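Architecture and fold: a report
Residue strings, one per chain:
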Amino acid sequence: MSGFKGRHELKHYINYADVLQLRARLPFVASLDKNAVEGNGYRVKSLYFDNYNDKALKEKIDGVNEREKFRLRLYNDDTSFIRLEKKSKINGICFKESCTVTEDECRRLLEGDLAAFKENGSHLCQELYAKMYYQQLRAKNIVDYQREAFIYPMGNVRVTLDYDIRTNIDVRDFLKPEPVPVPVPGIYILEVKYDSFLPEVIRGMVSLSSRSSTAFSKYAITRTI
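Residues numbered from 1 in each chain as written. Predicted model: local features only at pLDDT ≥ 70, side-chain atom pairs only at ≥ 80, totals over all residues. Heavy atoms only, no water.

**Some points on the pattern of salt bridges**
Between side chains of opposite charge, a pair can form as their charged atoms come close. Following the criterion strictly, the structure yields 30 salt bridges and no others. D33 is the partner of R158 in a salt bridge, and the nearest nitrogen-oxygen pair spans 2.7 Å. Residue R158 is found in strand β8 (residues 157-168), and its partner D33 is found in the loop between β2 (31-32) and β3 (42-50); the two are separated by 125 residues along the sequence. Of the two residues examined, R158 and D33, each falls in the buried class. (Salt bridge = Lys/Arg side-chain N within 4 Å of Asp/Glu carboxyl O. Helix = DSSP H or I, 4+ residues; strand = E, 2+ residues; numbered from the N terminus. Buried < 20%, exposed > 50% of the residue type's maximum accessible area, 1.4 Å probe, protein only.)

Structural data, given as structure tokens:
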């Protein structure tokens, strides 16, 4: 992964009372993400890829030290800006590569035209195309959720609160604006991402010392419900 800067990523199960408390406290030290809509965060919709043997899912569940997954992602059902992302984890450090794809390329892919991504021209699209061809990667499921995000510049810290998680196995619905139909109730996730260090003010604000970290994955939880 030379050339790509890794980040630390901490995930914690929280409850709704924690969400209310963090929503009230974090704005005193951190800035709201610019993508927030009317102060209530934004919707994130992802389409995950895996192979016929669920390699990415099994590696996540088994805690394999070096693993990767591909996903398409859009925000607030806006199909004018769609990203392909490859997320890798090596020795506990997260790496992410991304590129933009068009709505037409996504639509062609969902209709089974794998060459749509080969023609995109970006290195990442061509890598996914090769792995769809040689490793039989295919779109597996949709994960949709509400996210509230806060930014703290020192340490390049990003704190997110994710909830109202929903899923759908009909991948053809990824570009549709209708709500994703299947809820995953009672799940609230706090994520803290940072570069080389986590400032004490943020550590104290989110009370990390009193929380146990988890290997939670939205992709895994929605594939196993």
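**What about the nonpolar core?**
L72, L84, F117 and F174 are the most contacted members of the largest nonpolar core, which totals 26 residues. Broken down by secondary-structure element, the contributors of at least two residues to this core are β3, β4 (66-75), β5 (82-90), β6 (93-101), α3 (103-110), α4 (115-118) and α5 (123-134). A per-element tally of this core places α5 first, with five residues. With near-sequence residues (within four places) excluded, F117 lies in contact with L72, L84, V101, E105, C106, L109, C125, Q126 and L128. (Core = buried A, V, L, I, M, F, W, Y, C linked by side-chain atoms within 4.5 Å. Contact = heavy atoms within 4.5 Å.)

**Focus: the packing of aromatic side chains**
Scanning the entire structure with this criterion turns up seven aromatic pairs. On the basis of an interplanar angle of 25° and a centroid distance of 6.4 Å, the ring pair of Y129 and Y133 is categorised as stacked. Linking Y129 with Y133, this pair stays in helix α5, spanning four residues, or about one helical turn. An aromatic cluster is present here, built from Y16, Y163 and Y188 joined pairwise through their rings. (Phe/Tyr/Trp six-rings, centres within 6.5 Å; stacked < 30°, edge-to-face > 60°.)

Purely geometric numbers; function is a separate question.
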